[in-house]
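A structural walkthrough
So the chains spell out like this:
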Amino acid sequence: MRNVSPGKYRFVLIATILLWIKTYIVYKTCFDIEIESWKQEFILFINPLSFLLFVFGFSFFMKEKARNRYMIITSFLTSFVLYANVMFYRFFNDFITLPVLFQTSNMGDLGNSVFELFRFTDLMMFADVVLLMWLVRKKSALVQFEPVTKKERRAYYFIVAAIALFNLGLAETERPELLTRTFDREMLVKNIGTYNYHIYDILLQSKSKAQRALADSSELADIENYIRANEKAPEKELFGIAKNRNVIIVSMESLQSFVINNTVNGQEITPFLNDFIKQSYYFDNFYHQTGQGKTSDAEFLIENSLYPLGRGAVFFTHATNEYMATPEILKKHGYYSAVFHANNKSFWNRDIMYQSLGYDNYFSQEYFNVNEENSVGWGLKDKDFFEQSIPYLKTLPQPFYAKFITLTNHFPFELGEEDKMVPEYTSNSRTLNRYFPTVRYMDESLKTFIEGLKKEGLYENSIIILYGDHYGISENHNKAMAQYLGKEEITPFDHVQLQRVPFIIHIPGVTDKHPKVISKVSGQIDVKPTLLHLLGIDTKNDIHFGQDLFSKDKMDFAVLRDGSFVTKDYVFKENVCYDKKTGLKTDISHCEPYMEKAKQELDYSDKIIYGDLLRFYDNKIKKIK
Ligand code: GP9
Ligand code: MN
C-alpha cells in the first residue's frame, strides 16, 4: 500500500474515534450494563466501531464540500440517536425499540419529561460534533480532502467487514444464537452495540410490518372454521368449578416429567410435587411445544393457545400484535393480573409483550432485593423469589390472576452446596449431573411457596396451576440420559417422549378430595380453554387451537413446534412413525391421518401471528370484522 497516504483517512478516523470513545463513555456512565468478564468488557468496548467506520466511510464516495457536510451531519445524527437513548433510558430504564418509541403514550410521557430529564452536562454529548465543525472551518489543512480510489475504498470496507465479523464472532462465543434466540435488549446492546442494535430492530420491525400489511381478514375465516370444527364441549360438572377464585400459575423452569416419582442415588427428586400430585389433577402425557423462545414460548402457548413461531421468539418479533390472552379475557370478568419474575424486565421483551397480553402489573427484578447471598446462576434463588413475592401478592385486588416464573433450575444448573438436598448424579454429563440438585431445590421452594400461601390466607380460594416450561436436558446429553434411564440409547422416539413436562391443576377443596392422574395426550396449547372453563368462562367465540383437557372427547394429540406429533398410539418424528407400545418404527400409514392436521395447525397459527389477524376479530360482536 505504497500510495496510501494516511491523511486521506484522517477525518474519518478522527470522527470515528471521537464518537467511539463517546459511545463507550455513555455505556459506562448512562446505562446500567452488567459486565461479568474482561471478554464482555472488550466486546462492549469494540462494538460501536464497525458501524461508525461503515457510515463515515460513505464520505469516501463524495467530493470535498459534500464530504464535510456529510461528516458533520452524520456525526450529529449518530450523537442524537445516542442521546435519545440516554434520555429514553433515564425514563424507561431500557433501550429504545421502535414500537415502544412510537407508542403515542410513551412519546407523550417522554415529551413531558424531557426538561426534567435534561442535565446541563448533556451538552457535552455534542462536543465532538462542534469539534468537527471547528476542524473543517479553522483547521482545514488537518482534514484536507484527497480523493480515495476504488481500490482503497474496497480495502477499507473489507477491513470494516472484518471488524464487524470479529465482533459478531466474539459475541457468538459469549452468547450463542444471540440474534435468533436470546432476546434481551441489554444483551444485544452489550454484544453488537447500540447502533447495530437499532439497525437490527428496524429490519425486524419492517419485516413484520410488511407481512402484516399484506394480510387481510378473509384469511381468518378459514381458520375460524377449522377452530370451530375442532372445538369440544366442556365437561359440565367441572365448568365453573373454580369460578371467581384467584388463579396462581407457576412456570417451573426446565422441569421435565422424567424426574417425577423418580430417584437419584436412591433419593426422591421431587418429594413435594410427588405429594402435591396426590391432591391434584396430574397430567402425565403433557408435552411442551416451545421453540427458540423457550420460557417465553411456553407463556405464549399457555395464555393464547396459539403456537409460538418456528424461528425466533414471538415475544420479541410480534409483541405489538393484537391478542386475546387469558389475562385480557379475565379482566373482562373482573380479574386483576400480574406477573412475578425476578429477572431483567426486558428479557424476552416481556415488558412490552405483557402489555399486549393484557397484564396489569409486572413485578420484575427491580421489585426484588437481589444480592450476592440470595442469588445463584441466573439470579434470585427461587425460595427468596417466592418469599419476597408473597407480600406483593397480598396487596393485589382479588380475584387475581398471578403468574410466577421460577429461575433457579436453569442451565447450567448452578447451586451452592448449602442448598443441595440430593447429590449430583454421576455420568459423563456435568449438565445432567447437576440437574437433579437444582430440580430438588425448586421442588422445595414450591413447598415453601404453598405453605406461604396457606399462612397468608391466599390458598383456599385459589386454583393453583403448575407447568414445566420446556426441556432442561438437551439431546447433547443423550448418552448420560440413557444411562440414567437404564436404556441402551435415546432413540428419536424416546427423545419425543422426553419432551413431556409436568402439568398439575390443584383446586383446594376439590382435587384434594378426588385427585386424578390423567393420561390423555395433551400439551401447553390446551391450558387456556381448560382454565377458562374451570373458571366458568365460555370460549365459544375465542380463537384457540387447544382443547379442554377435561372434555370427554378431547383428542389425544400434541404437535411439537418442530412438526413432530404424538397421538394415542403413535409418535411421529422426522417422517418416521413409531409405535408407542414398542417404541419401534412402524408403517407410516399409521401416522398419515394426523400428518395433515399437525401441519395445518402450525400453519394456521403462524398465519395468525404473521398477519396479526386477531386485529380483524372483534370479540365483542363475536365475528370477523
Ligand atoms: C429468563 C428466564 C429463562 O427470564 O425466563 O429463560 P429461558 O432461557 O428458559 O427461556
Ligand atoms: Mn425456561
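Per-chain numbering applies: the sequence of each chain, read as written, is numbered from 1 onward. Written order determines the labels here, with chains lettered from A and ligands numbered from 1. For this predicted model, a pLDDT threshold of at least 70 governs which residues receive local features, and a threshold of 80 or more governs which side-chain atom pairs are given and counted, while totals over whole chains, interfaces and linings are taken from all residues. Heavy atoms from the whole structure form the basis of all side-chain values; hydrogens and water molecules are not counted.

1. Looking at the UniProt feature "transmembrane region" (unreviewed entry) in the protein
Short version of the rule: UniProt positions are given in the numbering used here, feature names are shortened, and annotations may be inferred rather than shown by experiment. By definition, any uninterrupted DSSP run of H or I lasting at least four residues is a helix, any uninterrupted run of E lasting at least two residues is a strand, and each is numbered from the N terminus.
Per the UniProt entry, the sites bearing "transmembrane region" (unreviewed entry) are residues 9-27, 42-61, 70-92, 117-135 and 155-171 in this numbering. As a span, residues 117-135 carries 53% helix and 0% strand, and end to end its C-alpha atoms are 31 Å apart. For residues 155-171, the end-to-end C-alpha separation is 24 Å, with 100% helix and 0% strand making up the annotated structure.

2. Remarks on the state of the cysteines
Going by this rule: Any pair of cysteine sulfurs within 2.5 Å is marked as a disulfide.
Going through the model one piece at a time under the given rule, you end up with 1 disulfide. Between cysteine 577 and cysteine 591 runs a disulfide, and the two sulfur atoms are separated by 1.9 Å. The chirality of the disulfide connecting cysteine 577 with cysteine 591 is right-handed, given an S-S dihedral of about 80 degrees. One end of the pair, cysteine 577, is in strand 18 (residues 576-579); the other, cysteine 591, is in the loop between strand 19 (585-586) and helix 22 (592-610), with 14 residues separating them in the sequence.

3. Observations regarding the site of ligand 1
Our working rule: Residues are counted as near a molecule or strand when any one of their heavy atoms sits within 4 Å of it. For this analysis, a polar contact is any N or O atom pair within 3.5 Å, provided that within protein one partner can donate a hydrogen and the other can accept it, and provided that sequence-adjacent residues contribute only side-chain to side-chain pairs. Residues are grouped as follows: Ala, Val, Leu, Ile, Met, Phe, Trp, Tyr, Cys and Pro are nonpolar; Asp, Glu, Lys and Arg are charged; every other residue, Gly included, is polar.
What surrounds ligand 1 is a group of 13 residues, the closest being Thr295, His341, Asn343, Arg350 and His410. Side-chain polar atom of histidine 341 to an oxygen atom of ligand 1: 2.6 Å apart, as the coordinates give it. Arginine 350 is positioned with one of its side-chain polar atoms (N or O) 2.7 Å from an oxygen atom of ligand 1. Residues of the shell around ligand 1, tallied by class, amount to 4 nonpolar, 5 polar and 4 charged.

4. Some points on the pattern of salt bridges
Side-chain pairs of opposite charge can arise where the charged atoms are in close proximity. What counts, and what does not: A pairing counts as a salt bridge when a side-chain nitrogen of Lys or Arg comes within 4 Å of a carboxyl oxygen of Asp or Glu. Relative accessibility decides the category of a residue: with a 1.4 Å probe and only protein chains considered, values under 20% of the type maximum give buried, values over 50% give exposed, and everything between is partly exposed.
Using the criterion set out here, one finds 33 salt bridges in the structure. In this structure, the salt-bridge partner of aspartate 494 is lysine 487, at a minimum N-O distance of 3.2 Å. The class of aspartate 494 is buried, set by a relative accessible area of 10%. Residue lysine 487 is classed as partly exposed on the basis of its relative accessible area of 39%. Residue aspartate 538 pairs with lysine 540 through a salt bridge whose shortest N-O separation is 3.7 Å.

5. A short note on the coordination of the manganese ion (ligand 2)
Rules: Listed donors are limited to N, O and S atoms within 2.8 Å of the metal, widened to 3.2 Å for Na, K and Ca; water is not among them, so incomplete-looking sites are possible. Angular criteria define each label, namely tetrahedral for four donors with all angles between 85 and 135 degrees, square planar for four and octahedral for six donors with opposite donors over 155 degrees apart and remaining angles between 65 and 115, and irregular for whatever fails these tests.
Distances from the manganese ion (ligand 2) to its protein donors, Glu253 (OE), Glu253 (OE), Thr295 (OG1), Asp469 (OD) and His470 (NE2), fall within 2.1 to 2.3 Å. Coordination at the manganese ion (ligand 2) is irregular: its 6 donor atoms span angles of 56 to 167 degrees at the metal. Site description for the manganese ion (ligand 2): donor spacing in sequence, E-x41-T-x173-D-H. Of the two residues, aspartate 469 and histidine 470, both sit in the buried class.

6. Considering the sheet that holds strand 15 (residues 557-559)
The criterion, for reference: The pairing criterion is simple: DSSP has to find at least two bridges between the two strands. Note on contacts: a residue pair qualifies if any of its non-hydrogen atoms lie within 4.5 Å across the two residues. Every axis in this analysis is a line fitted to C-alpha atoms, fitted for helices over the stretch in contact. Angles between the N-to-C directions lie between 0 and 180 degrees.
Across the sheet, which stays open at both edges, the 5 strands sit in the order 15-16-17-18-19 with antiparallel pairing between neighbours. This sheet does not close on itself; its edge strands, each paired only once, are strand 15 and strand 19. By the bridge criterion, 2 bridges tie strand 16 (residues 565-567) to strand 17 (residues 570-573) in an arrangement that is antiparallel. By the bridge assignment, phenylalanine 565 is partnered in strand 17 with phenylalanine 572. Taken strand by strand, helix 22 contacts strand 15, strand 16 and strand 17, and its axis lies near 55 degrees from that of strand 15.

7. Focus on the domain arrangement of the protein
What counts is decided by this rule: Annotation comment: domain bounds sourced from an automatic or database domain assignment. When two components associate, each loses some accessible surface as probed by a 1.4 Å sphere; the sum of these losses over both components is called the buried area.
Domain assignment breaks the protein into domain 1 (7-211) and domain 2 (238-555). In this complex, domain 1 contributes 20 residues to the contact, which on the side of domain 2 involves 18 residues. Where domain 1 abuts domain 2, roughly 1,700 Å² becomes buried across the two surfaces, and 50% of that area is made up of carbon and sulfur atoms. At the surface where domain 1 touches domain 2, the tally comes to 1 salt bridge. Listing elements by their share of the side of domain 1 that touches domain 2, those giving two or more residues are helix 5 (98-101), helix 9 (185-192) and helix 10 (194-214). The dominant element in the side of domain 1 that touches domain 2, judged by the number of residues it contributes, is helix 9, at 4 residues. In the side of domain 1 that touches domain 2, the residues fall into 7 nonpolar, 7 polar and 6 charged.

8. Observations regarding the pairing of strand 10 (residues 400-405)
Most of strand 10 is tucked away: 6 of the 6 residues are buried. Here strand 10 shows a buried face lined by Phe400, Ala402 and Phe404 and a second buried face lined by Tyr401, Lys403 and Ile405. As defined by bridge partners, strand 1 (residues 246-252) adjoins strand 10 across 5 bridges and the pair is classed as parallel. Opposite isoleucine 249, over in strand 10, you have lysine 403 as the bridge partner. With 5 bridges connecting them, strand 6 (residues 336-340) and strand 10 associate as parallel partners. Opposite alanine 338, over in strand 10, you have alanine 402 as the bridge partner.

9. Let's talk about the pairing of strand 6
For strand 6, the buried fraction is high: 4 of the 5 residues fall into the buried class. Here 3 bridges tie strand 6 to strand 7 (residues 361-363), and the two strands are oriented parallel to one another. Bridge pairing links phenylalanine 340 to phenylalanine 363 in strand 7.

10. Topic: the nonpolar core
The test is simple: Here the nonpolar core consists of buried residues drawn from Ala, Val, Leu, Ile, Met, Phe, Trp, Tyr and Cys, with membership extended through side-chain atoms lying within 4.5 Å.
Counting residues in hydrophobic clusters, the biggest one holds 131 residues, and the most contacted among them are Phe283, Ile463, Phe503, Ile505, Leu535, Phe545 and Ile608. Of the residues forming this core, the biggest block, 10 residues, is contributed by helix 4 (residues 64-92). Both domains that furnish three or more residues to this core are identified here as domain 1 (7-211) and domain 2 (238-555). Residues contacting isoleucine 505, with those up to four places away along its chain left out, are Ser280, Tyr281, Phe283, Ile463, Ile464, Ile465, Thr511, Thr530, Leu534 and Phe550. Membership of the second largest hydrophobic core comes to 52 residues, among which are Leu255, Ile277, Leu446 and Leu498.

11. Here's the deal with the packing of helix 1 (residues 7-30) against helix 2 (residues 38-46)
Where we set the bar: Angular relationships are summarised with four words: roughly parallel below 35 degrees, roughly antiparallel beyond 145, roughly perpendicular across 65 to 115, and oblique for the angles in between.
With their axes 9 Å apart at the nearest point, helix 1 and helix 2 run at an angle of 135 degrees to one another. By the angle between their axes, helix 1 is oblique relative to helix 2. Here Trp20, Tyr24, Tyr27 and Lys28 of helix 1 come into contact with helix 2, specifically with Glu41, Leu44, Phe45 and Ile46. Grouping the amino acids of the contact of helix 1 with helix 2 by side-chain chemistry returns 6 nonpolar, no polar and 2 charged.

12. Let's talk about the packing of aromatic side chains
Rule in force here: Working definition: rings of Phe, Tyr and Trp (its six-membered ring) pair if their centres are within 6.5 Å, and the pair is stacked with planes under 30 degrees apart, edge-to-face with planes over 60 apart, and tilted otherwise. Here, a charge over a ring is recorded when the distance from Lys NZ or Arg CZ to the ring centre is within 6 Å and its angle to the ring normal is within 35 degrees.
According to the stated counting rule, one finds 61 aromatic pairs in the structure shown. For the ring pair phenylalanine 286 and phenylalanine 503, a centre distance of 4.4 Å and an interplane angle of 10 degrees mean the geometry is stacked. Here phenylalanine 286 is found in strand 5 (residues 286-287), whereas its partner phenylalanine 503 is found in strand 12 (residues 503-506), with 217 residues between them in sequence. On the basis of relative accessible area, phenylalanine 286 is assigned to the buried category, the value being 0%. With relative accessibility at 1%, the residue phenylalanine 503 sits in the buried group. Aromatic rings pair up to connect Phe340, Phe363, Tyr367, Phe368, Phe385, Phe386, Tyr392, Phe404 and Phe449 into one cluster. Over the face of the ring belonging to tyrosine 471 we find lysine 294, whose NZ or CZ atom lies 5.0 Å from the ring centre. The lysine or arginine in question, lysine 454, covers the ring of tyrosine 459, its NZ or CZ lying 4.8 Å from the ring centre.

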